[in-house]
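# Reading the structure
So the chains spell out like this:
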Amino acid sequence: MESTFKELSGESVLDLKDKTGIGGGVEDVYGEDRASQDQPITPWTVSVASGYSLLRDPRHNKGLAFTDKERDAHYLTGLLPPVVLSQELQEKRLMHNLRQYEVPLHRYIAMMALQERNEKLFYKLLMDNVEELLPVVYTPTVGEACQKYGSIFKRPQGLYISLKEKGKVLEVLKNWPEKSIQVIVVTDGERILGLGDLGCQITNFESFAGNGIPVGKLSLYTALGGVRPSACLPITIDVGTNNKKLLEDEFYIGLKQNRATGQEYAELLEEFMSAVKQNYGEKVLVQFEDFANHNAFDLLAKYRTTHLVFNDDIQITLSYSWVLERLAWIYISVHPCLGFFSELTSTFGFFKAGTGIAELIALQISKETNAPLEQTRKKIWLVDSKGLIVCSRKGALQHFKVPWAHEHEPVKELLDAVKEIKPTVLIGTSGVGRTFTKEVVEAMASINQKPLILALSNPTSQSECTAEEAYTWSEGRAIFASGSPFQPVEYNGNVFVPGQANNAYIFPGFGLGLIMSGTVRVHDDLLLAASEALANQATEGNYAKGLIYPPFTNIRKISANIAATVAARAYELGLASRLPRPKDLVNFAESCMYTPVYRSYR
């Protein structure tokens, strides 16, 4: 496979300055990670934090867990009730309170408030209760939070760069207090989940959905992948919005103008990407998030050979963890039935142009069979809003769809395409709810003993079908996964546990692997390595319980294994700059992970 890595002009990878250290790949300036767990540390901010300022510093605040000795030493006596609670008891109390809320958005707001006042307790709570809280801080609740973010906005987290800052983006980046940034998640808000253009309203609260979506992603980098919170930076680029409702809303918090396009847009993004590298170095990871297709493709094509970048969720060829995780789903789903992709005798079917997923599957089939990529692409068919993508449409197709135009008569409707192509797998990435109708699912079930139905669009309202519909219409034979979670379904006396094809399985460990190895470019093989690493952690015991993925309770161990696999491949490709290579990459990944336990203060 041809590498997309581009030589750095006049500079060797080995010459790049490595600012990373232990503790999630960030330099341990204050010695916090080098201290043992029972060794006291100093709660530095700009100066030693104490008294009222210490209670208002989310990184060091412990609330009622400050001991009597710490309260005396740091002028906290009288500023807190007299009781001293352990972190474990605080966690138990908070979970009890959260469970009293019946509305998920209220839980989201409560979690946001916790993150703003006590960072370690927030991450400890999320890590220890990940299966229960992930749907609160991520999809599907994050979709509603993004829609209503303007009305629940409290204080900014992360950076906002608008057209007003054009010409001084570097100055804006320098305003952020943390200097050792390792991961940036950036969005322009044009394509938020399946909700469309939310402009600046998707933004901010640094952990699960603040800079709405960027903050949400970065909270998972920390909770699930162990990347230090101070190394994460959410950024919203505000170029306006074409959402008429927002433009007419007097409380809208972004620029009230139509979206900038063309040269004006490109110049701002170019200035941003140049400033990022200048301010944070060659190895800062930039994750493009929720850019519309017409910009996502161009941005990735332009910067993938000059920056460490990937795109998490727009259907972009070969380049993001959202695609990876879904490839892993298919890889895992097919395995118990057929063994490998190469053993599939039917064609894959897609709804909407999920070209990134398609390309990765074609690459995997090519690897297993040694067949040319052009040949393996022919096993994959795509459907968009105008019907089956075929050769007769080439003149009117967007460039990224052209490789998937095959010889066939035009077919307008999805149901007719299923009957004609007879796919093994139906994958929905359309962002259009209820497109997998009863007739479509029944047709898939008539063709396959175990039809794979992947309704991956988010949020729940945009899912192509529900779990109950998939199991009922297939008479309990479907293998089903969705982008947002669904409850277990009982059908004919059997209980089916629907899989959630959640990108949180992949991108936190993928990012950690890049950071800990000092990788300077994202190569296609790193994406495949991550998806295969996840697939390899599913067990026969998981299958027996109806689980396609390993349980989320093991997510930190899963992330460590993904990180190690990605790092190993980066070393093999010559893309890793941290030398010498650690002997045990899994142990090294685990040692790099941030641990949100309280520390004793001098």
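Residues numbered from 1 in each chain as written. Predicted model: local features only at pLDDT ≥ 70, side-chain atom pairs only at ≥ 80, totals over all residues. Heavy atoms only, no water.

Turning our attention to the UniProt feature "binding site: a divalent metal cation" (unreviewed entry) in the chain. In the numbering adopted here, UniProt assigns the feature "binding site: a divalent metal cation" (unreviewed entry) to Glu289, Asp290 and Asp313. Looking at the secondary structure, you find Glu289 in the loop between strand S4 (285-288) and helix H14 (293-303). In this structure Glu289 comes out as buried when scored by relative accessible area, which is 1%. (UniProt positions renumbered as here; feature names shortened; annotations may be inferred. Helix = DSSP H or I, 4+ residues; strand = E, 2+ residues; numbered from the N terminus. Buried < 20%, exposed > 50% of the residue type's maximum accessible area, 1.4 Å probe, protein only.)

Attention shifts here to the packing of helix H6 (residues 119-128) against helix H7 (residues 130-137). Viewed as axis vectors pointing N to C, H6 and H7 meet at an angle of 115°, and their least axial separation amounts to 6 Å. Across the interface between the two elements, Leu125, Leu126, Met127 and Asp128 from H6 touch Val130, Leu133, Leu134 and Val137 from H7. For the contact of H6 with H7, the per-class residue count stands at seven nonpolar, no polar and one charged. (Axes fitted to C-alpha atoms, helices over the stretch in contact; angles between N-to-C directions. Contact = heavy atoms within 4.5 Å. Nonpolar A, V, L, I, M, F, W, Y, C, P; charged D, E, K, R; others polar.)

What follows deals with helix H24 (residues 555-573). Because each turn of an α-helix spans 3.6 residues, side chains separated by three or four positions in sequence point in the same direction. The terminal C-alpha atoms of H24 lie 27 Å apart, and with 19 residues this matches the ideal 27 Å at 1.5 Å per residue to within 8%. Note on H24: the residue one or two positions beyond its end, Gly574, has a positive phi of about 75°. (Expected span 1.5 Å × (residues − 1).)

So, on to the side chain of Gln287. Along the polypeptide, Gln287 turns up in strand S4. Contact partners of Gln287, with chain neighbours within four places excluded, come to Ile184, Val185, Val186, Lys217, Tyr221, Phe310, Asp312 and Phe507.

With that out of the way, let us pick up the nonpolar core. Residues Tyr221, Phe510 and Met516 are the most contacted members of the largest nonpolar core, which totals 93 residues. At 11 residues, the largest contribution of residues to this core is made by H24. (Core = buried A, V, L, I, M, F, W, Y, C linked by side-chain atoms within 4.5 Å.)

Look at the link from Leu579 to Pro580: it is a cis peptide, with omega at -5°. Summarising the element assignment, Pro580 is placed in the loop between H24 and helix H25 (585-592). One non-glycine residue, Glu475, adopts positive backbone phi at about 60°.

Counted at 1.5 Å a residue, the expected span for helix H22 (residues 524-535) with its 12 residues is 16 Å, and the 17 Å between its end C-alpha atoms agrees. Those residues of H22 lying buried are Asp524, Asp525, Leu526, Leu527, Leu528, Ala529, Ala530, Ser531, Glu532, Ala533, Leu534 and Ala535.

This part takes up the pattern of salt bridges. Charged atoms that come close allow side chains of opposite charge to pair. For the structure on display, the rule yields 20 salt bridges. Between Glu70 and Lys62 there is a salt bridge, and its shortest N-O distance comes to 2.9 Å. Residue class for Glu70 comes out buried when judged on its relative accessible area of 4%. The closest approach of N and O atoms between Arg304 and Asp524, which form a salt bridge, is 2.8 Å. Linking Arg304 in the loop between H14 and strand S5 (308-311) with Asp524 in helix H22, this pair joins segments that are 220 residues apart in sequence. The exposure classification of Arg304 matches that of Asp524, with both residues buried. One salt-bridge network, in which partners are shared between bridges, spans Glu91, Lys124 and Asp128. (Salt bridge = Lys/Arg side-chain N within 4 Å of Asp/Glu carboxyl O.)

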